[in-house]
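Architecture and fold: a report
Spelled out from the first residue to the last, the chains are:
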Amino acid sequence: MRSLARRWQALQTEIDDLDAQLTPLVTSVAPTLMALPGVGVDAAGQLLITEILRCLKRYIARDEFPLLSSSASAWELDAPVRM
C-alpha cells in the first residue's frame, strides 16, 4: 500500500508541474476563453486542440479537393476562424 501511495504522490506532483506549464500557454493563446465561467485549463486546452485539428483538416481538404473534383471554385475555405 505504501508503494501505491508513493506512486500516486509522484504522479500528482507530475500533474501539478504539467498544469503549471500548461496554464500560461493556454491563457496566452485564448485569454477570452479562459475568462469564461467554468472554463478551466483542461477544457480550454481541449477546445483549442479540437479547433486546431478541425482547421488542419480543412486546410488539407482544400489542397486535395482540386485533385478530386473539377470544380475547385466551389470550395471556399479562406474564411478566418474565430475563437
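Residues numbered from 1 in each chain as written. Predicted model: local features only at pLDDT ≥ 70, side-chain atom pairs only at ≥ 80, totals over all residues. Heavy atoms only, no water.

This paragraph deals with the overall build of the chain. Within the chain, the regular secondary structure consists of three helices and zero strands. Listing each helix as α and each strand as β along the chain from the N terminus yields α-α-α. Taking all 83 residues of the chain together, 12% fall into the buried category. Counting contacts in the chain only where the partners sit at least 6 residues apart, residues at least 24 apart contribute 16% of the total. Carbon and sulfur atoms make up 64% of the accessible area of the chain, which amounts to about 6,900 Å² in all. (Helix = DSSP H or I, 4+ residues; strand = E, 2+ residues; numbered from the N terminus. Buried < 20%, exposed > 50% of the residue type's maximum accessible area, 1.4 Å probe, protein only. Contact = heavy atoms within 4.5 Å. Areas by Shrake-Rupley, 256 points an atom, 1.4 Å probe, with all protein chains shown as cover.)

Proteins that are soluble and globular tend to have nonpolar side chains buried together. Core analysis: the largest hydrophobic core is formed by seven residues, namely Val26, Ala30, Met34, Val39, Val41, Ala44 and Leu48. By residue number, the principal contributor to this core is helix H3 (residues 41–68), which donates three residues. Contacts of Val41, omitting those with residues within four sequence positions, involve Leu22, Thr23, Val26 and Met34. (Core = buried A, V, L, I, M, F, W, Y, C linked by side-chain atoms within 4.5 Å.)

Per-residue pLDDT for the chain has a mean of 81; in total, 75% of the residues score no lower than 70. Between the elements of the chain, mean pLDDT differs from a low of 80, seen in H3, to a high of 94, seen in helix H1 (residues 2–29). (pLDDT = per-residue confidence, 0-100.)

With that settled, the discussion passes to H1. Given 3.6 residues to a turn, an α-helix orients residues that are three or four positions apart in the same direction. Taking 1.5 Å as the rise per residue, H1 with 28 residues should run 40 Å; its terminal C-alpha atoms sit 41 Å apart, in good agreement. Residue Leu22 marks the point of greatest curvature in H1, where the axis turns by about 25°; the proline Pro24 follows within four residues. (Expected span 1.5 Å × (residues − 1). Bend = angle between axes of the 7 residues up to and from the residue.)

A surface patch of nonpolar side chains, about 560 Å² in accessible area, is lined by Ile49, Ile52, Leu53, Leu56, Tyr59 and Ile60. By the secondary structure assignment, Leu56 is in helix H3. By relative accessible area, Leu56 is classed as partly exposed at 43%. (Patch = residues over 30% accessible without salt bridge, like charges linked within 9 Å, V, L, I, M, F, W, Y side chains within 5 Å. Salt bridge = Lys/Arg side-chain N within 4 Å of Asp/Glu carboxyl O.)

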